[in-house]
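Commentary on secondary and tertiary structure
In case you want the letters, here they are:
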Amino acid sequence: LERTAGFTDKEWLGKQLFFDPNLSMPPGQACSGCHDPAAGWADPAKDSPTSAGNVPGLFGKRNSPSAAYASFSPDFHYDAATTSYVGGQFWDGRAKNLADQAKGPILNPLEMSSANKQSVLDAVKAGPYADLFKKVWGANVFEDTETAYNDLAASIAEYEKTSEVNSFSSK
């Protein structure tokens, strides 16, 4: 990927993570595989009720919603004024926000199928943006798996908030 003009380091890092097929196991499927820019940031396989996973023959439990404009959904919460639950990510609101949403599919055995958080971080450490990850999150970021995985998800969420994903270009 070429550096996108105007992106902060965190947004640029998030974009690289979003398009990196090496975060799946076996390598081959990036977030962009089910949230394809050419398909409105949604699953390009419109004829399937569920999204294909990284492992041939396996499918997620639902079709991938569009990542476009997802950043405008408020954090999942109960609204006492309307006596209803509001916001969140995924079709059922099970992720509180974009960062929480980004954590799930990478580890889901039916989706990107990575073995665990450490294996994902090992792929990041071996990737071309490892130094940027350290620049954004600190030189010692990889010392704590939980924190580093949260930082990875926060980076993806920052990218999903950019005008590249939320273009407001429809007629």
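This text gives an overview of the structure that appears in the document.

Calculation rules
- Residues numbered from 1 in each chain as written.
- Predicted model: local features only at pLDDT ≥ 70, side-chain atom pairs only at ≥ 80, totals over all residues.
- Heavy atoms only, no water.
- Axes fitted to C-alpha atoms, helices over the stretch in contact; angles between N-to-C directions.
- Helix = DSSP H or I, 4+ residues; strand = E, 2+ residues; numbered from the N terminus.
- Parallel < 35°, antiparallel > 145°, perpendicular 65-115°, else oblique.
- Contact = heavy atoms within 4.5 Å.
- Phe/Tyr/Trp six-rings, centres within 6.5 Å; stacked < 30°, edge-to-face > 60°.
- Buried < 20%, exposed > 50% of the residue type's maximum accessible area, 1.4 Å probe, protein only.
- Lys NZ or Arg CZ within 6 Å of the ring centre and 35° of its normal.
- Arc of directions from axis to C-beta.
- Polar contact = N/O pair within 3.5 Å; in protein donor to acceptor, adjacent residues only side chain to side chain.

Packing of helix H1 (residues 9-18) against helix H5 (residues 145-160) leaves a shortest axis separation of 7 Å and a crossing angle of 100°. Between H1 and H5, the crossing angle belongs to the class labelled roughly perpendicular. When H1 is examined against H5, the residues Lys10, Glu11, Leu13, Gly14, Lys15, Leu17 and Phe18 are found in contact with a partner set consisting of Leu152, Ser155, Ile156, Glu158, Tyr159 and Glu160.

Before going further, it helps to examine the packing of aromatic side chains. Counted by the stated rule, this structure contains eleven aromatic pairs. On the numbers, 5.2 Å between centres and 15° between planes, the contact of Phe133 with Phe142 is stacked. The buried category is assigned to Phe133, whose relative accessible area is 0%. On the basis of relative accessibility, which here comes to 14%, the residue Phe142 falls in the buried class. Through a chain of ring-to-ring contacts, three or more aromatic side chains come together here, namely Phe7, Phe18, Phe19, Trp41 and Tyr159. Sitting over the face of the ring of Phe90, Arg94 holds its NZ or CZ atom 3.9 Å from the ring centroid.

On to the environment of Ala80, then. Here Ala80 is to be found in the loop between strand S1 (77-79) and strand S2 (84-86). Judged by relative accessible area, which is 57%, Ala80 ranks as exposed. For the pair Ala80 and Glu143, spaced 63 residues apart in sequence, the C-alpha separation works out to 41 Å.

Attention now moves to unusual backbone geometry. At the junction of Met25 and Pro26, the peptide bond is cis and its omega measures out at -5° in the coordinates. If you trace the backbone, Pro26 turns up in the loop between H1 and S1. A positive phi angle is found at Ser113, which is not glycine, with a value near 65°. Relative to the helices and strands, Ser113 resides in the loop between helix H2 (98-107) and helix H3 (117-126). The phi angle at Phe168 is positive, at roughly 50°, despite the residue not being glycine. For Phe168, the position within the fold is in the segment after H5. Judged by relative accessible area, Phe168 falls into the exposed class, the value being 60%.

Relative to the helices and strands, Lys15 is located in helix H1. If we ignore the near neighbours within four places in the chain, the residues touching Lys15 are Leu1, Thr4, Phe7, Tyr159 and Glu164.

Looking now at H2. All of the buried residues along H2 are Leu98, Gln101, Ala102, Pro105 and Ile106. In an axial view of H2, the angular spread of the buried residues amounts to 130°, which keeps them on one side of the axis. Summarising the contacts, the buried residues of H2 are in contact with H3 and H5. In this structure Asn97 caps H2, since a side-chain oxygen of it lies 3.2 Å from the backbone nitrogen of Ala99.

As a further point, take the environment of Leu98. As for its position among the elements, Leu98 is in helix H2. As for Leu98 and Ala39, which are separated by 59 residues in sequence, their C-alpha atoms are 20 Å apart. In contact with Leu98, not counting residues within four places along its chain, are Ala70, Ser71, Gln89, Ala157, Glu160 and Lys161.

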